[in-house]
Amino acid sequence: MRAILAQAEAEFAVSDLPVSAVLPDLLAALKDASQILLAAPTGAGKSTWLPLQLLQQAGLPGRIIMLEPRRLAARNVAQRLAEQLGEQPGGTVGFRMRGESCVGPQTRLEVVTEGMLTRLLQQDPMLEGVSLVILDEFHERSLQADLALALLLDVQQGLRDDLKILLMSATLDNARLAARLPDAPLIVSEGRSYPVERRYASLNQTVRFEEAVAREVAQLLRDERGSLLLFLPGVAEIERVKRELESRIGDDVDLTPLYGALPLAAQRQAILPAAAGRRKVVLATNIAETSLTIEGIRLVVDSALERSALFDARSGVTRLQTQRISQASMIQRAGRAGRLMPGICLHLLPQEQAARAAAQSEPEIVNSDLSSLWLDLLQWGCTQPEQLQWLDAPPVRHLHAAQQQLTRLGALDSHGLLNPLGRRMAQLGCDPRLAALLCAAGDDPDAVASAALLVAILEDPPRSGSADLRDALHRPQPQWQWRAQQWQQRLRIRGGRVDDDRFAALLAAGFGDRLARRRDQSGRYQLANGLGARLDEQDGLTRSEWLIVPALLQTSATPDARMLLALPVDIDALCQQLPALVERRTEVEWDEEKGTLRALRREQIGALVLKTQPMARPEPAVLHAAMLRWIAEKGLSVLGWTPEAEQLRLRIQCAAQWLPEEHWPATDDSTLLESLSQWLLPQMSAVRDLRSLQAVNLTTALLHLLTWSQRQRLDSALPTHYTVPTGSRLPIRYDADKPPALAVRIQEMFGEARNPAVADGRVPLVLELLSPAQRPLQITRDLAAFWRGAWPEVRKEMKGRYPKHLWPEDPATALPTRRTKKMSPQG
């Protein structure tokens, strides 16, 4: 192998690739720094030339692992690196990806996809024998790349201070990276292999999108030579634009789609050069932005759009959204035109709009389902994500949804840690729902064979045709059968017969919340998680009352999610197979006719009710639990709130704002509804109906949220009343959005030189000073300034209106009074 590397060094150590100019700086940085940032333009050679130079010249004792974000890019990069050594992948250079590994005992440079790097770290946190990890195309900020960086930094800090990390991309977010990695040197490779002319054009808004795009592409093909790469947001747009182009281009142009759901062989076909004497148009999603050299491309047309996934933590469904790409992505797309020759990139938007686009794409971690991430973190031994170093912290709401999801799948114990099932799921290294499905098969060969086929299809779902999952299960494609065999090998249970009768129960293990019951005859269903879903009205599946839906797509077009794959279910048989699916619970609801609450016993699967029976007198514990669920659904307004209770709640909220060091409990609606059992339930011992529920003393109930010392502190710092100079004890009125107020007759404040305050003097009271007839005279938060300023005018007016009352010239030193002159001792 040394001879091979020496030969390679002699052949291409001196290169005209732009990145070669910074190779000495990079080699020097690797000697001194643990993390290095490399910003190198598209076509600079950072992916397909630089790794071999580092392998040969950096003097690293161990292997290099390079992360590529996509399967096609990983295979393509590994192939090109190996060819430069006169080898095939599996020798000095190898690759690993889902379902495929091509490495050998002599492999020193491994190109891996994102999930594989996480698995390697989980299996060997020390990364024994690895000296350098390269994260390529880091600007994409995928969920797995962010997780990999966080885990690698954790390894560096606690286990391997000799491990090196190199982050590479054409467009790094330098400010954010510098803040997280302040000691990492930034090395910038200037220039590109060939110049690219960037043009801008506005699409004709009076015609369909696909027609407008096809016109621009056809015109550019007529004006310029060479093959063309067209970026479109998704598969649907690719198919529509392809149909439009077929009638607009010459016979010498081939149209080739390129997107992630295509079989790998079809993807590889798209990146090959056009046949002699022909040109081609590659219609691609953002899969073609990075790491791929598509042979012969001189022209790029950029729709400036992409399809992004947004996870809804409430519904648990990911929604696809078409949006404008970032400036970083525009740079990446334009760079595709300059890989092999001078090129042209036409952006289909005005230049001023391009200039206003976001600098960087939003990181995937802030918009994704984090159940896989949470499973990985728990397997890593991390129960507090904030302990790791993130460029963007995972959103708390999404982490909470992930924890709930793993709990539903049975992966967590009562402390939120992985139980034996959860540990087995984590070791499988796939989506938690699919892992739960595989684990549910147990050791039964028929069940394992059935589960493996299901997972293979759900990992790579059919791209068109019926939503009926039975079509795929009964006519499995070769890639599904191959992948199913891999899963059986992973589970170490081979053989077995695929059994149709097992599919529903296996799917329910991972998608129990996706059981669906028909609402009407128009294809509308309700899911067990409460979400609405739909089928085309003509779909044969609509004849089934019950379905289970492992594949859903939420769009902004309709409130109901669209079913992509579904399987008919015999609900009675399923409940017999999986009795734990059915929950038996007591509920209460308002009876409009009788004007009272009634208790019902229900059997249900999530939000789907199977059977309902009325109950005469349920046990108090059962009734009270049902009442709490009813309150949580209806809201706090169904309780009997007195002014005293409302003021206590407001005082606690104000205390949290004004005295934050005391760590006061939250009393907003959502928090109180989530903690009903903590503060309301202890006061419900005598509650049997709505009248007694509304009679519960909520002031006493809310005090359950406070410790004894907090109660004392609240009464002293935020009292309910204030004693004015006359001795009158008057109520203070607290408000969520306004300062606290005190309404008092102005004569009772004589002798008070300074404005009273609460919260240890931090918050002055708003004084609503009243006339003897209790009418407002003045509102102030600075009593001393009022006495000095506006008082003479007020005194003059009041003396004329109320001559029997005292109106001293200096009220700050006068005696307070509730009386008139005749009643006053001074009168």
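Starting from 1, residues in each chain are numbered consecutively following that chain's sequence as written. Per-residue local features of the predicted model are confined to residues with pLDDT of at least 70, and side-chain atom pairs are confined, for both listing and counting, to 80 or more; whole-chain, interface and lining totals are unaffected and use all residues. As a rule here, side-chain values come from all non-hydrogen atoms in the structure, and water together with hydrogens is ignored.

Below, the discussion takes up the sheet that holds strand S26 (residues 729-733). At least two bridges found by DSSP between two strands is the condition for calling them paired. Numbered from the N terminus, helices here are DSSP runs of H or I no shorter than four residues, and strands are runs of E no shorter than two. Spatially, the five strands line up as an open sheet ordered S25-S26-S27-S30-S31, and their pairing is mixed. A strand with exactly one partner marks an edge of an open sheet, and here the two such strands are strand S25 (721-723) and strand S31 (776-780). Pairwise comparison of adjacent strand axes, ignoring direction, gives a mean angle of 30° for this sheet. Looking at chain direction, S25 and S26 are connected through three bridges and run antiparallel. Bridge pairing in S26 links Tyr-722 to Leu-730. A fitted line through C-alpha atoms represents every axis, and for helices the fit uses only the stretch in contact; the resulting angles, taken between N-to-C directions, go from 0 to 180 degrees.

This part is about the packing of aromatic side chains. Ring geometry is summarised as follows: Phe, Tyr and Trp rings, the Trp one being its six-membered ring, pair when their centres sit within 6.5 Å, and such pairs are stacked at plane angles under 30 degrees, edge-to-face over 60 and tilted between the two. One pass over the structure, following the stated rule, counts six aromatic pairs. Both rings, one in Phe-786 and one in Trp-787, keep their centres 5.4 Å apart while their planes meet at 40°; by these two values the pair is tilted. This pair shows no difference in class: Phe-786 is buried, exactly as Trp-787 is. Chaining the aromatic ring pairs together yields one cluster made of Phe-750, Phe-786, Trp-787, Trp-791 and Trp-807. Positioned above the aromatic ring of Trp-641, the side-chain terminus of Arg-649 is 5.6 Å from the ring centre. Whether a residue is buried, partly exposed or exposed follows from its accessible area with a 1.4 Å probe, protein chains only, as a fraction of its type maximum: under 20%, in between, or over 50%, in that order. Distance and angle both matter: a charge sits over a ring if NZ of Lys or CZ of Arg is within 6 Å of the ring centre and within 35 degrees of the ring normal.

Pairing in this open sheet of six strands is parallel, and the strands run S9-S16-S13-S10-S12-S11 from one edge to the other. Where the open sheet ends on each side, the last strands, each with one partner, are strand S9 (196-200) and strand S11 (253-258). Strand after strand, the sheet turns through a mean of 20° between neighbouring axes, direction not considered. Pairing of strand S10 (residues 227-231) with strand S13 (residues 297-302), which is carried by five bridges, proceeds in the parallel orientation.

Domain ranges listed in this record stem from an automatic or a database domain assignment. Parsing the protein chain into structural domains produces domain 1 (1-188), domain 2 (196-366), domain 3 (433-581), domain 4 (614-718) and domain 5 (724-801). Look at where the C-alpha atoms of domain 4 and domain 5 centre, and you get two points 33 Å apart. Note on contacts: a residue pair qualifies if any of its non-hydrogen atoms lie within 4.5 Å across the two residues. Counting residues at the interface gives 12 residues for domain 4, matched by 11 residues for domain 5. Summed over both partners, the accessible surface that disappears when two parts come together, traced with a 1.4 Å probe, is what is meant by buried area. In this assembly, domain 4 packs against domain 5 so that about 910 Å² is buried in total across both faces, 57% of it on carbon and sulfur atoms. Should a side-chain nitrogen of Lys or Arg be within 4 Å of a carboxyl oxygen of Asp or Glu, the pair is scored as a salt bridge. At the boundary of domain 4 and domain 5, one finds two salt bridges. Here Arg-762 and Glu-661 are joined by a salt bridge, their closest N and O atoms 3.0 Å apart. Among the elements of the structure, helix H23 (643-658) and helix H28 (708-717) are those that each provide at least two residues to the side of domain 4 that touches domain 5. In terms of residues, the side of domain 4 that touches domain 5 owes the most to one element, H23, which gives six residues.

Moving on, we come to the pairing of strand S15 (residues 317-324). Sheet topology note: the strand S14 (residues 305-312)/S15 ladder contains eight bridges and is antiparallel. Bridge pairing links Ser-308 to Gln-321 in S15. Hairpin connection between S14 and S15: a loop of four residues separates the two successive antiparallel strands, and Gly-316 in this loop has a positive phi of roughly 75°.

On to the pairing of S11, then. Of all the six residues making up S11, five are buried; the element is thus mostly covered by neighbouring parts of the structure. Pairing analysis gives six bridges linking S11 to strand S12 (residues 279-284), with the strands arranged parallel. Bridge pairing in S12 links Val-253 to Arg-279. Viewed along the sheet, the connection from S11 through helix H10 (residues 264-271) into S12 turns out right-handed. Crossovers are marked right-handed if the path from the first strand over the helix to the second runs clockwise, as seen with the strands pointing away from the viewer.

Quick look at the environment of Trp-374 now. Tracing the backbone shows Trp-374 in helix H13 (residues 371-380). Through-space distance from the C-alpha of Trp-374 to that of Leu-399 is 7.0 Å; in sequence the pair is 25 residues apart. In contact with Trp-374, other than residues within four places in its own chain, are Thr-383, Pro-385, Leu-399, Ala-402, Gln-403 and Leu-406.

Moving on: the confidence of the model for the protein chain. Residue-level confidence of the predictor is summarised by pLDDT, bounded by 0 at the bottom and 100 at the top. Overall, the predicted model of the protein chain reaches an average pLDDT of 89, with 95% of residues at or above 70. For the protein chain, the element scoring lowest by mean pLDDT is helix H1 (residues 2-12), at 44; helix H16 (residues 432-440) scores highest, at 97. Across residues 1-14, confidence stays below pLDDT 50; counting only partners more than four residues off in sequence or on other chains, it has 21 contacts. The model gives residues 823-827 a pLDDT under 50, and that stretch makes five contacts with residues more than four places away or in other chains.

This next bit is on the UniProt feature "domain: Helicase ATP-binding" (unreviewed entry) in the protein chain. Here, the residues flagged by UniProt with the feature "domain: Helicase ATP-binding" (unreviewed entry) are residues 27-190. Helix makes up 37% of residues 27-190 and strand makes up 24%, while its end C-alpha atoms are separated by 17 Å. UniProt positions are given in the numbering used here, feature names are shortened, and annotations may be inferred rather than shown by experiment.

The subject of this paragraph is the pattern of salt bridges. In this structure the tally under the stated criterion is 40 salt bridges. Among the ionic pairs, Arg-70 bridges to Glu-140, the shortest N-O distance being 2.9 Å. With Arg-70 in the loop between strand S2 (63-68) and helix H4 (71-84) and Glu-140 in the loop between strand S6 (130-135) and helix H6 (143-158), this pair connects stretches of sequence that are 70 residues apart. Between Glu-211 and Arg-215 there is a salt bridge; the shortest N-O distance is 2.8 Å. With a gap of four residues between them, Glu-211 and Arg-215 both fall in helix H8 (residues 209-223), about one helical turn apart. Look at the salt bridges and you will find they share partners, linking Arg-208, Glu-210, Glu-211, Arg-215, Arg-240, Glu-244 and Arg-248 into a network.

As a further point, take the packing of H6 against H13. At a minimum axis distance of 11 Å, the contact between H6 and H13 shows a crossing angle of 15°. Overall, the two elements H6 and H13 adopt an arrangement that is roughly parallel. In the packing of H6 onto H13, the handedness of the crossing is right-handed. Of H13, the residues touching H6 (which contributes Leu-143, Gln-144, Leu-147, Leu-151, Asp-154 and Val-155) are Leu-373, Asp-376, Leu-377 and Trp-380. Orientation categories follow fixed angle ranges, with anything under 35 degrees roughly parallel, anything over 145 roughly antiparallel, 65 to 115 roughly perpendicular, and all other angles oblique. Here is the rule for handedness: rotate from the far helix to the near one, and if that takes an anticlockwise turn smaller than a right angle the crossing is left-handed, while a clockwise turn gives right-handed.

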